[in-house]
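Examination of the molecular architecture
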Amino acid sequence: MEFNESEFLVETEVPQDELIISRTDLNGNITYANETFCEISGYTEAELVGKAHSIVRHPDMPKAAFSDLWSTIKNKKQWIGVVKNLRKDKGFYWVEAIVSGVYKNGELVEYKSLRTPISYEKKLEYQRLYDKMRAENGEKIRKIIYE
Ligand SMILES: Cc1cc2nc3c(=O)[nH]c(=O)nc-3n(C[C@H](O)[C@H](O)[C@H](O)COP(=O)(O)O)c2cc1C
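Structural notes, computed from the coordinates.

How each quantity is defined
Residues numbered from 1 in each chain as written. Predicted model: local features only at pLDDT ≥ 70, side-chain atom pairs only at ≥ 80, totals over all residues. Heavy atoms only, no water. Near = heavy atom within 4 Å. Polar contact = N/O pair within 3.5 Å; in protein donor to acceptor, adjacent residues only side chain to side chain. Areas by Shrake-Rupley, 256 points an atom, 1.4 Å probe, with all protein chains shown as cover. 1 Å grid on protein atoms, 1.4 Å probe; cavity = no way out; pocket = protein on both sides within 12 Å on 5 of 7 lines; lining within 4 Å. Sits in = over half its atoms within 2 Å of the grid points. Helix = DSSP H or I, 4+ residues; strand = E, 2+ residues; numbered from the N terminus. Nonpolar A, V, L, I, M, F, W, Y, C, P; charged D, E, K, R; others polar. Points joined across faces, edges and corners; volume = space filled by probe spheres on them.

**Re the site of the ligand**
Neighbouring the ligand are 15 residues, the closest being R57, F66, W70, N85 and R115. A distance of 2.9 Å separates an oxygen atom of the ligand from a polar side-chain atom of W70. At a separation of 3.2 Å, a nitrogen atom of the ligand approaches a polar side-chain atom of R115. With the chains in place, 82% of the 610 Å² that the ligand exposes on its own is no longer accessible. Judged by the proximity of its atoms to the pocket grid, the ligand belongs to the second largest pocket. Broken down by secondary-structure element, the contributors of at least two residues to the shell around the ligand are α3 (63-74), β3 (79-86) and β5 (107-116). Among the elements that line the shell around the ligand, the one with the most residues is β5, at four residues. Its residues placed into classes, the shell around the ligand shows seven nonpolar, five polar and three charged.

Structure follows, in structure tokens:
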């Protein structure tokens, strides 16, 4: 499929009154995605379950954000951060994500994430921050893989 740059500029607004929810196994493979997650990301549940959560990784996200996420949740702490995600159609959506472990009888069995919308000002702030982080770490500004 062919995409042009302008398609990367289309934003999907996350509704105020809904939560985007997913769970993953300990390796970050999706085990559950709610209806709102499917609607906002443009995937069906069947397309998401079993896939690595990086299926919605946007090329604008710096690597450091995810290494921080993983070290935090592996340390049994809750990670709260701003994430720009990639839709199936290559559009994007911004969220604040709360990611943490799911425990059964004190044992870590899965991870879960709840996401809510952020303000326009916060999107701008984080776009600038993440652009700066990628530039400082020599990460590409746009890395888009077409399939
Ligand atoms: C519960 C949970 C939710 C996650 N949600 C997202 C997400 O919404 N977007 C995203 O890009 N990565 C998310 N990740 C992080 C991915 O697992 C992955 O680390 C990230 O996309 C970077 O991809 P990479 O590790 O292949 O570089 C999540 C991880 C967990 C454990």
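**Quick word on the layout of surface pockets**
Looking at the second largest pocket, its volume works out to about 440 Å³. Lining the second largest pocket are 24 residues; nearest its centre among them are H53, S54, F66, L69 and W70. For the lining of the second largest pocket, the secondary structure elements donating two or more residues are β1 (20-24), α3, β3, β4 (92-104) and β5.

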